[in-house]
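# An overview of the molecular structure
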Amino acid sequence: MRSRMEDYLRKNFDVEPKRPSNEALRRWRDAVSVVKNPRRRFRMVADLAKRAEDDKKRKKLQEKIRVALYVQKAALQFIDAGKEARGYSLSKQVSDAGFSISPDELASFVRSHDKKGLEARGGVEGVAGNISVSLKEGVVSSKIPGRQDVFGLNRVMEKPSKGFWMFVWEAIQDLTLIILMVSAVVSIGVGIATEGWPKGMYDGLGIILSILLVVMVTAISDYRQSLQFKELDKEKKNIMIQVTRDGRRQKVSIYDLVVGDVVHLSIGDQVPADGLLISGHSLQIDESSLSGESEPVDINQDRPFILGGTKVQDGSGKMLVTSVGMRTEWGQLMVTLSEGGDNETPLQVKLNGVATIIGKIGLAFAAITFVVLTTRYLVNKGMHHDMTNWSMNDASALLNYFSTAVIIIVVAVPEGLPLAVTLSLAFAMKKLMGDKVLVRHLSACETMGSANCICTDKTGTLTTNHMVVNKIWICDEAKSAQDKDVLKSVSEKVYNLLLQSIFLNTTSEVVKGENGKNSVIGTPTEMAIVEFGMLLGGDFKSFSEEYKIDMVEPFNSIKKKMSVQVALPGSDMSRAFCKGASEIVLGMCDMVVNTDGEALPLSEEQRNKISDVINGFACEALRTLCVAFKDIESPSGAESIPEDGYTLIAVVGIKDPVRPSVRKAVKTCLDAGITVRMVTGDNINTAKAIAKECGILTEDGLAIEGPDFRKMSEQEMAEIIPKLQVMARSLPLDKHTLVKQLRNVHKDVVAVTGDGTNDAPALHEADIGLAMGIAGTEVAKENADVIIMDDNFTSVLNVARWGRAVYINIQKFVQFQLTVNIVALMLNFVSACVSGSAPLTAVQMLWVNLIMDTLGALALATVPPHDGLMRRPPVGRNTNFITGIMWRNIIGQSIYQITVLLVLNFCGMRLLNITGPKASSTLKTFIFNSFVFCQVFNEINSRDMEKINVFGGMFQSYTFMVVMICTVVFQILIIEFLGTFAQTVPLSWELWLASVLIGAASLLVAIVLKCIPISIRKQDAKDHGDIHEPLLRGPELA
């Protein structure tokens, strides 16, 4: 039966964690049946119809934008000309605020690429004057509210989120609850007619009150989840933007951006609003998100229009914001699209399948129960020759039978199973946010629990990313760079050449902070070099003002170098500077600077000597860069910066210390069966030194360079990858190839870290893409499933821990709920068929349903991870979710509870010596009480499916303890004080003690069950591409 169930789930309820096919998504939707409350059950499921509609809308709008931007036929030009002739009126609000251009006219420049209109306003400088902003100083912070009043906020109109009462309305849509409410109302009417007021209304009123309690608890739980997701969604969309304000460069939230802001753009950034180019170098924009065109657009002074929502593909630049929020094309596009929702996670889908199977069984049992009870009643009536006499009592009896059948469906259909996944994921995502991790896709949290391989970057992830120049080789001499007199022995000419190469060939800026002190803004490597230049006594500002930059080729991970060409003052000559990966820049050089600043030919012997210096620095775990220059006599007409003929100035060694927590985190990963591989663009010696320090590179491990890896055939790759621990001098393409090999050939579940734009394919390909929050570009973050906000490898480990916790918590909850389902189903079914009545009433079953559904999920699905989780192997790709261990526990506990409760139901009065006029009510109350305490103790049992000690850490689990206490307290209230509604009577202390002991005996049953060994069917696992079991076995875990 177990294997048939798993085969059915695998066939109909199996979806990929990332980019599942529409066919798979539709297949499981078609397979789902017996759904009590579709609105609630499928609230976190993607709406495929809306998604398809959005796709059509997006394409239609993209076509419209494409026509407006690229075709601009006569009709559009005529319309623009009409606008120009008509002019834009200036409102009193705009003129009073000190602006001389209307928001609509300002927005029209970029939207319609109106070059003539822009020129009529005096170009970018003229527009800046019209909106009262200095292109150099930026916006004045105190004037921001006024700008927001006139030009609007940088926010897209969003649909109002659902309020609490909407969740109440959704919870009450449960078909079985609606049927029970109708039955309760009818019961009240029949009861008053037969038993009078107020006694006749108690049964029906008790059911209505119970339903209201279930609805309110469910709605509160769902509403809290929605608030958590809303908070996370807002955080996902909150991008930090570099702007110049109050004369200094600073970071602001995309939501705080205003018209007039001077925005700094670099590779991988998302353009936060519509704007005009102020200045830039080799700036290329990817407008495919708006226009659908895949070719990047060159942005320059002839075409200065930059659209919000697009991406910077290459180069860098500064932009003046001209329109924000709903005045941008991106804002208009976003508001027309409805939310199709995120794809459901594999666990949600699988548990929908489990709920469907159990639901069908429950429905069949409910139908049989109703038929049996009704048949018995009719037979009994016929035997007494009473078939022609029907009274209100008969109607009441049949109504009770119907209610019993409906109640069996209420308890038997585990509607809460898929929703428990959402609850657990919401809890995990909120906790991870506190640990500096932002989960963008729900499924990533689950998948990370299965990861058995992490391909990590070095810089900033394993290291602190706080870089400092530690050593320098210059004029044939290696020196420590910690002293400002390090260049005392070199000539003024060499000193000036080095400072020029530092301050002119950089993307960093030196800005004044709020405290008036200078600080450097830029990438950690750039900052380290510029700070070294300032230590040597250089002045960044004077170099920037003295030299005019003609061309810039920004650093990227393919070329591994950055070049700049500047005009030499008072001369027709230009000078090119280049810095980057040591062996690449050294290979471009054929000269070297001597102590006097003269360029001498670079002999092969000297080249080898410099290579030894580079390797020596690298073996000390230093990042090495070479800086070089080349004088160009006739630069006019050149379209690119030279690639050879350079003169080497210096080799720089930069220290980037390993994070203190990394070695321990890597060891934890290895103990957990997760292989850690370092993939870096650094020199192989640097990479090996850092990898050894982190504990990644072992004696039998392999370290290779990207170029060697690229040359290998697929078979050679397959042979070396199991031993591969370090890949140095790699390109983004190498990382992508490695990930594909690991996933497709070795069937690993791969997590990959990345920060650059070129890492996007690898992040997209991996099972879990982890982008860096500090060093990562917006393009990388958009392609990632998880964003590591502090760029720390330990945070990657935290995601794995929480992924495993989510998986194991859901297994615990499923074990608990299926046990309650089976026991409640069999108890009511057998009792009804044998004795003609169910021992548990509608009110009592609704309370049990609340315990096993919402409260059970809160108690078991929100347990934080513990260290033991990282001493297990990872869960494989296609492992059976309901394991043999779970079936053992479910079946064992079910047999115990069903046996005890049925014995009590049929022999309880004699065994317990219950007598008196209320003996029957007392026995039924005792059975109900024992049943609830069996669930209370079984919930404790479910805290660990294998260990005998289930109390470890229980009292530190706040949520679990609150649920337990509330359950017990409310049970006491139901028995002792709410008997009128719940059809219970107060129990003596002896019967209370007996109930608790019967429940507590399930702890002893669990100990016996956990001593029963479960065989591991490895062959089955291999057939499904998996050899891992989700749980370890052995005496050390007992």
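Small disclaimer: the values here were computed from a predicted structure and weren't measured. (Residues numbered from 1 in each chain as written. Predicted model: local features only at pLDDT ≥ 70, side-chain atom pairs only at ≥ 80, totals over all residues. Heavy atoms only, no water.)

## Describing the overall build of the protein chain
A count of helices and strands for the protein chain gives 39 helices and 26 strands. Along the first, second and third principal axes, the C-alpha atoms of the protein chain reach 120 × 75 × 50 Å. Looking at the 1038 residues of the protein chain, the share that counts as buried comes to 55%. If you take every contact in the protein chain between residues at least 6 apart in sequence, the share linking residues at least 24 apart comes to 73%. One finds the centroid of the 112 positive side-chain charges in the protein chain at a distance of 7 Å from the centroid of its 114 negative side-chain charges. (Helix = DSSP H or I, 4+ residues; strand = E, 2+ residues; numbered from the N terminus. Buried < 20%, exposed > 50% of the residue type's maximum accessible area, 1.4 Å probe, protein only. Contact = heavy atoms within 4.5 Å. Lys, Arg positive; Asp, Glu negative; His and termini not counted. Charge placed at Lys NZ, Arg CZ, Asp CG, Glu CD.)

## Some remarks on the nonpolar core
Counting 161 residues, the largest nonpolar core has Met448, Phe793 and Ile810 as its most contacted members. In terms of residues, this core owes the most to one element, helix α32 (residues 793–835), which gives 19 residues. For Ile810, the residues in contact, after removing those within four places along its chain, are Leu347, Leu351, Ala420, Val421, Ser424, Ala861 and Phe881. Counting residues in each nonpolar core, the second largest holds 48 residues, with Val124, Val133, Ile144 and Ile306 among its members. (Core = buried A, V, L, I, M, F, W, Y, C linked by side-chain atoms within 4.5 Å.)

## Regarding helix α24 (residues 604–619)
In a regular helix each residue adds 1.5 Å, so 16 residues correspond to 22 Å; α24 covers 22 Å between its end C-alpha atoms and thus fits that length. Along α24, the positions that sit buried rather than exposed are Ile610, Val613, Ile614, Phe617 and Ala618. Take α24 and look down its axis: the buried residues cluster within an arc of 135 degrees, on one side only. Turned more than 90 degrees away from the buried face of α24, the exposed residues are Glu604, Glu605, Asp612 and Cys619. (Expected span 1.5 Å × (residues − 1). Arc of directions from axis to C-beta.)

## Let's talk about empty space enclosed by the protein
Where empty space is left in the structure can be found by rolling a water-sized probe over the atoms. This model, assessed by the stated rule, comprises seven cavities of 30 Å³ or more. For the largest cavity, the calculated volume is near 150 Å³. What lines the largest cavity is a set of 14 residues, and nearest its centre among them are Arg40, Asp174, Val214, Thr218 and Asp853. When contributions to the lining of the largest cavity are tallied by element, the ones reaching two or more residues are α13 (202–237) and α33 (842–860). What the second largest cavity holds in volume is close to 90 Å³. As for the second largest cavity, its lining consists of 14 residues, of which Ile808, Lys812, His866, Arg872 and Asp944 are closest to the centre. Of the residues assigned to the lining of the second largest cavity, the class counts are seven nonpolar, two polar and five charged. (1 Å grid on protein atoms, 1.4 Å probe; cavity = no way out; pocket = protein on both sides within 12 Å on 5 of 7 lines; lining within 4 Å. Points joined across faces, edges and corners; volume = space filled by probe spheres on them. Nonpolar A, V, L, I, M, F, W, Y, C, P; charged D, E, K, R; others polar.)

## Comments concerning a nonpolar patch on the surface
On the surface, a nonpolar cluster with roughly 520 Å² of combined accessible area is contributed by Ile965, Val969, Ile972, Leu973, Phe977 and Leu978. By the secondary structure assignment, Ile972 is in helix α36 (residues 958–976). (Patch = residues over 30% accessible without salt bridge, like charges linked within 9 Å, V, L, I, M, F, W, Y side chains within 5 Å. Areas by Shrake-Rupley, 256 points an atom, 1.4 Å probe, with all protein chains shown as cover. Salt bridge = Lys/Arg side-chain N within 4 Å of Asp/Glu carboxyl O.)

## Brief notes about the confidence of the model for the protein chain
Mean pLDDT for the protein chain: 84, with 93% of residues reaching 70 or above. Note on residues 72–86: pLDDT under 50 across the span, and nine contacts to partners over four residues away in sequence or across chains. Under a pLDDT of 50 for its full length, residues 1018–1038 has, in the predicted model, 41 contacts with residues more than four places off or in other chains. (pLDDT = per-residue confidence, 0-100.)

## Re unusual backbone geometry
One non-glycine residue, Cys475, lies in positive phi territory at about 55 degrees. With respect to the helices, strands and loops of the structure, Cys475 is situated in the loop between β10 (468–474) and β11 (477–480). The phi dihedral of Asp476 falls on the positive side, at around 65 degrees, and the residue is not glycine. Position of Asp476 among the secondary structure elements: in the loop between β10 and β11. We classify Asp476 as partly exposed; its relative accessible area is 40%.

## What to know about the sheet that holds strand β25 (residues 768–772)
In spatial order, the strands read β8-β26-β25-β24-β9-β21-β23-β22; together these eight strands make up an open sheet with mixed pairing. The open sheet is flanked by β8 (437–439) and β22 (702–705), the only strands paired with a single partner. Each strand axis lies, on average, 20 degrees off the axis of its neighbour in the sheet, ignoring direction. When strand β9 (residues 453–456) meets strand β24 (residues 750–754), the two strands line up parallel, connected through three bridges. (Pairing = 2+ DSSP bridges. Axes fitted to C-alpha atoms, helices over the stretch in contact; angles between N-to-C directions.)

## Comments concerning the packing of α24 against helix α26 (residues 684–694)
Between α24 and α26, whose axes approach to 7 Å, the crossing angle comes to 15 degrees. In terms of orientation, α24 lies roughly parallel with respect to α26. The crossing of α24 and α26 is right-handed. Between α24 and α26, the residues in contact are Asn615, Ala618 and Cys619 and Asn685, Thr686 and Ala689, respectively. Tallied by class, residues from the contact of α24 with α26 come to three nonpolar, three polar and no charged. (Parallel < 35°, antiparallel > 145°, perpendicular 65-115°, else oblique. Left-handed = near helix turned anticlockwise from the far one by under 90°.)

## Some points on the pattern of salt bridges
Under the defined criterion, the tally for this structure stands at 27 salt bridges. Of the charged contacts, one joins Glu526 and Lys579 as a salt bridge, the two residues approaching to 2.6 Å between their closest N and O atoms. You can see Glu526 sitting in helix α21 (residues 524–535) and its partner Lys579 sitting in strand β16 (residues 574–581), a full 53 residues away along the chain. Each of the two residues, Glu526 as well as Lys579, counts as buried. Across the pair Asp867 and Arg801 runs a salt bridge whose closest N-O atoms are separated by 3.6 Å. With Asp867 in the loop between α33 and α34 (884–912) and Arg801 in helix α32, this pair connects stretches of sequence that are 66 residues apart.

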